[in-house]
Each structure stands twice: as C-alpha cells, then as structure tokens.
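# Analysis of the macromolecular model
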There are 2 protein chains.
Amino acid sequence: MIIESRKNQTVVKSRGLLSEKKLREKEGLIAAEGVKLCAEALDAGLQAEYAVVSEEADKKYSALTERLRGICPVYIVTRDVYFSLSQQKTPQGIFLALKLLDKSKNLDRILEKNKIILLDCIQDSGNLGTIIRTAEAFGIEGAILSSDCADPYSPKTLRASMGSGFRLPVCVSSSLEKTVLGLKENGFETYAAMLDETAQRLGEFEFPQKCALIIGNEGHGVSEAVAGLCRKVYIPIRGAESLNAAAAAAVICYEMGK
Amino acid sequence: MIIESRKNQTVVKSRGLLSEKKLREKEGLIAAEGVKLCAEALDAGLQAEYAVVSEEADKKYSALTERLRGICPVYIVTRDVYFSLSQQKTPQGIFLALKLLDKSKNLDRILEKNKIILLDCIQDSGNLGTIIRTAEAFGIEGAILSSDCADPYSPKTLRASMGSGFRLPVCVSSSLEKTVLGLKENGFETYAAMLDETAQRLGEFEFPQKCALIIGNEGHGVSEAVAGLCRKVYIPIRGAESLNAAAAAAVICYEMGK
C-alpha cells in the first residue's frame, strides 16, 4: 500500500521528528535522511524503528531498502508525500527513525577514553556537526556537550557530522564545571582553547596521553568558570582576529592526534 | 528626509545588491551589512559608494554613521523599510555599498607573495568565507578561486570571512590549470590536498618559503587535471572518512604558517 496523504499519521510523525527536538525526546527517536546517512546509522549499530521511502527511492536504492525491510517496518509513500515531510531541497527519498542513543551511558564510556573534546555552548548546528566529524577524524574518542549547545541529534548536526555523530560517543552535561572537575579526578589534563597569548602556544608542547580539549562558544569563547579550571592553549594566528570554532577545533585536534 | 517606501529606488537597489550577483557585477558594487563588517570594509580601505541606515541605527551607532557621512551619501530609512531590504534575521540597520575590488590587479599582487591558497570549486559560501578567514589567520597572503567557486563577494561569504574577504587579495581564475603552471614558473611549489595515502603526509615535511595550497570541492576534491600538476599532501586521519574542506584548509594552513 502506498501512502498518498500528507496527513497520514506516520508522515506527520516523521515530519515532526525532523523538525522538533521536543518530539524527538518525547518519542525517544532521532531522524536521518538520505542514503549515506541512513546506511551510516545502521553501520554504527543504531536500532531502526521504522523507515519512510518514496516509490522511486524504493527502486533506485533497493539494496538499502531491502536491508531496511529486514529490520523494521518500511512505509512507501508517493514522491509528493515524501517532499512534504523532507527537510532537503532535493531529497533522495529515504527517511529513517532510529532509537535515540542512551546518552546517560555514554559518560561512563567517555571517562574510560584517552582523548576527548568538551563543547561549551556551540550554538550553530553546522559547526557542532563539523566539530564532531573533525574530532573523530583525528582520533578523539568522545564528546561532552554543555546543555546549551545545539542539539547533537538534530538533522542538521547529523548531516554536518557525516555519520560521525552516530559513531562518536556523545553526552550532554548539565554542568561543564563539574564535568571538568570529574575529568581531572579521573586523570585527564584539561585544555581550554583561548585567544590569550599568555596561554600555552599550540605546537610548542605535547599533549599528555589522557587529555580533554574545551572549545568555547562562537562569539564568547570558553566560559570563565570553566576556563578557570583548565590549562589554556592558544593557536598562534597573525592576520585575522580569530578563527571560527570549527577551524580552531580542527587545528587543536590535529595536534592532539599526532 | 526619512525614506518610508520599500519601493524607493535606493532601497530596491540595495536589496538587489545583497541578493543578486549579476547586479553586483553590473553596478561594480558589493554590499555589506552590520556594524562590524561595514567598519572592517572601511578599515581595509574599500571605497564606500553609499550607505542605508535605519533611524534607530543612526542614533545607536552614531560613531560609525558619522564616519560614513564624511565619505559617502547616507540614506536614512524607517525600521520597516530596513527590514524589507535586509538579509539578516535581526539586522543592526546598517547597509553599505562598496566599490567592487578590481580583481584583475590582484593576480599580480598575489604572484609577489610567498604563501597562497587556491580554491578549486568550493561551492558553499559559508565554507568559502571560513577558508578565507582561516587562511588570513595563518599568514596566507592571497587566494585564487576557480570560476566555479561560490561568489567571494556575496554577503554570506563576506559574513563568514569576518572581514578577511576585504583584506586578503582575492582573484578569480578562468583556468586553474594555467594558473598552477604560471605559479610554478614564478617559483611556487604547489600542493594539492588529497585523500590519498601515497601523498606526502602533512607534518612530515616542511613547506618551502614560496608555496601554494590547492583545496578541492567539498564532494570531489581537487580536479584531476589540476592535481596532476601538483605535489600531493594528505592529512593523516583515522576515524571519519574525510574532513570537510574548511577543516582540511585550517589544518594545512596552520602547518604552512609555522
């Protein structure tokens, strides 16, 4: 049966999962669109709840849709109905609802790691996803986000993370200060990225085996209360006044991963 | 006199300069919005053609509007009219039309430099602006763009560049292959950033004094024809499949600037 109504219950729910953080949290689900991102979610071990696929996509991407049929209900919709729920300009016609990762368990997993990143109020979803992608690329093993960061499971963040958001353990902290103190008790050296020439200059020291990098808000940097608990690291720059948060994270993670 | 009509000729032209590349080229003008970006354009030596300022902004940012009155016509508009031309969600109420930089002269200026960046089909304006900002921060002295890059003078690019787009000499090349050949004749060593483990590994060699880095398209990387003329450099990564173009540029420019 092909769903032809935009008001169909599953269609309405899927549209909501893509656009509303509250609904994602209430349902305990996250939403992914597109062939690559959906396949990456499955490869990362996430549990599929249901899929919505356009008629065309069902034929065009049959390897993926067969895989989906083996693990969850797959609802076929018309092209128009798919368009009505999608957030993409040129959608491929594949939507997947996945069980929300249990973030509470992630903190324990992250504390066992060696290299982690903390994000203090990163507000742009694109920046957040890019930082998660870059961190994973350089061997960072987990991310802890302050509760005022953008939603790590919004479609825009997941898209920018190119699947890294499914693989890298991520958790949200209600107090980054407490988290930093806890990390130090667990043997982590903590480094706040600062625009401060009295800080340690990146490239002139080696990061210890167990360390955490804190990247601050796009406009205001790392909050004072958090920075006061950490060593400070600065990236030597000349021309521009500052780097954007994702560029700063890339350069420091590169050095941490060396 | 306060302009109260959204159809006023200057208002219509300003709206067009913000949204239409063709109009910018036809008029030989670029457009900036916001206190910081407009001040940076003036500080960088760009020539102001005219300004549009909301009544509120004229009082609130009087230091800047007085400066503007000294150098170009300043048109005061109502808050509503300003909203109608602005591209920003919460505009500060300052619009500035500036003489388009003469890109043709920039190529000669760039050839005299030591460290430059070439961008091969960077299509996202945000990425392009971020790369220009990051490159300037690490001491890169000029940028050459393939003609299929995003517009370096679009409002979104200029905003992401945080003013670096006004300061860094930028030019557009109709053939990046010819440009690379010309650079080599002028003593530049050229490096294409590649996801290729047979390439030279970043961090394991020193960049020569005179060198050019080529960053490729977000999806497809550096085009084969261009890459074939260059040394290849790769960034050692582990977790994710790749880095986004701006993150890759940040890390390599950081090493080039060392």
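For the structure itself, consult the block above.
For the structure given in this document, a descriptive report is provided here. Since the model is a prediction, treat every value here as computed from it, not as a measurement. (Residues numbered from 1 in each chain as written. Chains lettered and ligands numbered in written order. Predicted model: local features only at pLDDT ≥ 70, side-chain atom pairs only at ≥ 80, totals over all residues. Heavy atoms only, no water.)

Here the structure, examined in full by the defined rule, presents zero disulfides over all chains. The structure places no disulfide on Cys230 of chain A, whose sulfur is separated from the nearest cysteine sulfur, that of Cys211 of chain A, by 12 Å. On the basis of relative accessibility, which here comes to 8%, the residue Cys230 of chain A falls in the buried class. Residue Cys149 of chain B stays outside any disulfide, its sulfur separated by 6.5 Å from that of Cys121 of chain B, the closest cysteine. Cys149 of chain B sits in the buried class, given a relative accessible area of 9%. (Disulfide = S-S within 2.5 Å. Buried < 20%, exposed > 50% of the residue type's maximum accessible area, 1.4 Å probe, protein only.)

Strands pair in a sheet through their backbones, by hydrogen bonds, and they do so in one of two ways: parallel or antiparallel. All names here are of chain A. The sheet built from seven strands is open, its strands ordered β8-β7-β6-β11-β9-β12-β10 with parallel pairing. In the strand order of this sheet, the two ends are held by β8 (170-173) and β10 (200-201), each with one partner. Alignment of strand β9 (residues 189-193) against strand β12 (residues 231-234), held across three bridges, turns out to be parallel. Paired with Ala193 across the strands is Val233, a residue of β12. (Pairing = 2+ DSSP bridges. Helix = DSSP H or I, 4+ residues; strand = E, 2+ residues; numbered from the N terminus.)

This next bit is on helix α3 (residues 35-43) of chain A. Among the residues of α3 of chain A, those classed as buried are Leu37, Cys38, Ala39, Glu40, Ala41 and Leu42 of chain A. Packing partners of the buried residues in α3 of chain A comprise β2 (29-33), β3 (48-54), α5 (62-69), β5 (94-99), α9 (155-161) and α10 (164-167) of chain A. (Contact = heavy atoms within 4.5 Å.)

Bringing a positive patch on the surface into the picture now. A cluster of basic residues, Lys89, Lys156 and Arg159 of chain A together with Lys89, Lys156 and Arg159 of chain B, forms a positive patch on the protein surface. Residue position: Arg159 of chain A is located in helix α9. Judged by relative accessible area, Arg159 of chain A falls into the partly exposed class, the value being 34%. (Patch = residues over 30% accessible without salt bridge, like charges linked within 9 Å, V, L, I, M, F, W, Y side chains within 5 Å. Areas by Shrake-Rupley, 256 points an atom, 1.4 Å probe, with all protein chains shown as cover. Salt bridge = Lys/Arg side-chain N within 4 Å of Asp/Glu carboxyl O. Lys, Arg positive; Asp, Glu negative; His and termini not counted. Charge placed at Lys NZ, Arg CZ, Asp CG, Glu CD.)

Residue and element names in this part refer to chain B. With twelve residues, helix α13 (residues 245-256) should reach 16 Å at 1.5 Å per residue; the first-to-last C-alpha distance of 16 Å fits that figure. Of all twelve residues in α13, twelve are buried, a share of seventy percent or more. Backbone nitrogen of Ala246 and a side-chain oxygen of the N-cap are separated by 3.2 Å at the start of α13; the cap is Asn244. (Expected span 1.5 Å × (residues − 1). Polar contact = N/O pair within 3.5 Å; in protein donor to acceptor, adjacent residues only side chain to side chain.)

It is worth spelling out the interface of chain B and chain A at this point. Across the contact, 30 residues belong to chain B and 30 residues belong to chain A. Buried surface at the junction of chain B and chain A, both sides included, amounts to about 2300 Å², of which 53% is carbon and sulfur. On the chain B side of the contact with chain A, Arg133, Arg238 and Tyr254 of chain B bury the most area, a combined 24% of that side's loss. Our count for the chain B to chain A interface comes out at four salt bridges. At the junction of chain B and chain A, the tally comes to 14 residue pairs in polar contact (both at pLDDT 80 or more). (Buried area = accessible area lost by both parts, 1.4 Å probe.)

This next bit is on unusual backbone geometry. One non-glycine residue, Cys121 of chain A, lies in the positive phi region at around 65 degrees. Locating Cys121 of chain A in the fold gives a position in the loop between β6 (115-119) and α8 (125-137).

Here the focus is the environment of Phe138 of chain A. Tracing the sequence through the fold places Phe138 of chain A in the loop between α8 and β7 (142-146). Measuring from C-alpha to C-alpha, the distance between Phe138 of chain A and Lys258 of chain A comes to 8.2 Å, with 120 residues separating the pair along the chain. Among residues more than four places away in sequence, those in contact with Phe138 of chain A are Ala250, Cys253, Tyr254 and Gly257 of chain A together with Ile235, Pro236, Ile237, Arg238, Leu243 and Val251 of chain B.

Between two aromatic rings, the relevant description is the distance of the centres plus the angle of the planes. One pass over the structure, following the stated rule, counts 13 aromatic pairs over all chains. When the centroid spacing of 5.9 Å and the interplanar angle of 70 degrees are considered together, the rings of Tyr50 of chain B and Tyr75 of chain B count as edge-to-face. Note that Tyr50 of chain B is positioned in strand β3 (residues 48-54) and Tyr75 of chain B in strand β4 (residues 74-77), a separation of 25 residues in sequence. A relative accessible area of 5% places Tyr50 of chain B in the buried class. Overall, Tyr75 of chain B belongs to the partly exposed group, its relative accessible area being 31%. Ring geometry for Tyr50 of chain B versus Phe95 of chain B: centroids 6.0 Å apart, planes at 35 degrees, classification tilted. Within this pair, whereas Tyr50 of chain B is found in strand β3, its partner Phe95 of chain B is found in strand β5 (residues 94-99), the two being separated by 45 residues in sequence. An aromatic cluster of at least three residues, connected via ring pairs, comprises Phe138 and Tyr254 of chain A together with Phe138 and Tyr254 of chain B. (Phe/Tyr/Trp six-rings, centres within 6.5 Å; stacked < 30°, edge-to-face > 60°.)

Attention now moves to the relation of the copies chain B and chain A. Once chain B has been moved 0.0 Å along the axis and rotated by 180 degrees, it coincides with chain A to within an RMSD of 0.0 Å. Both chain copies can therefore be described as sitting about a two-fold axis. Mapped onto chain A, 100% of the interface residues of chain B are again interface residues, and the two copies thus contact each other with one and the same surface. (Least-squares fit on C-alpha atoms with pLDDT ≥ 70 in both.)

Let us now look at the nonpolar core. Counting 127 residues, the largest nonpolar core has Leu98, Ile117 and Ile215 of chain A together with Leu98, Ile117 and Ile215 of chain B as the members making the most contacts within it. Setting aside anything within four residues of it in sequence, one finds Ile215 of chain A in contact with Ile117, Leu118, Leu119, Asp120, Ile122, Ile131, Ala193, Val222, Ala245, Ala248 and Ala249 of chain A. (Core = buried A, V, L, I, M, F, W, Y, C linked by side-chain atoms within 4.5 Å.)

The next thing to look at is the sheet that holds β3 of chain B. Residue and element names in this part refer to chain B. Pairing is mixed across the open sheet formed by five strands, whose spatial order is β1-β4-β3-β5-β2. With one partner strand each, in any of the chains shown, β1 (2-3) and β2 (29-33) form the two edges of the open sheet. Where β2 meets β5, five bridges bridge the pair, whose relative direction is antiparallel. Note that in β5 the partner of Glu33 across the bridge is Phe95. In the packing of helix α3 (residues 35-43) onto the sheet, the strands contacted are β2, β3 and β5, and the crossing angle to β5 comes to about 25 degrees. (Axes fitted to C-alpha atoms, helices over the stretch in contact; angles between N-to-C directions.)

Before going further, it helps to examine the pattern of salt bridges. Inspection of the entire model under this criterion finds 28 salt bridges over all chains. With its nearest N and O atoms 3.4 Å apart, the salt bridge here joins Lys36 of chain B to Glu241 of chain A. Of this pair, Lys36 of chain B sits in helix α3 while Glu241 of chain A is found in the loop between β12 and α13 (245-257), placing the two residues in two different chains. The partly exposed category is assigned to Lys36 of chain B, whose relative accessible area is 43%. According to the relative accessible area criterion, Glu241 of chain A is exposed, its value standing at 56%. Across the pair Asp58 of chain B and Arg69 of chain B runs a salt bridge, and its minimum N-O distance is 3.0 Å. With Asp58 of chain B in helix α4 (residues 55-60) and Arg69 of chain B in helix α5 (residues 62-69), this residue pair connects regions lying eleven residues apart in the sequence. Put simply, Lys36, Glu40, Glu136 and Arg167 of chain A together with Glu241 of chain B are held in one network by salt bridges that share partners.

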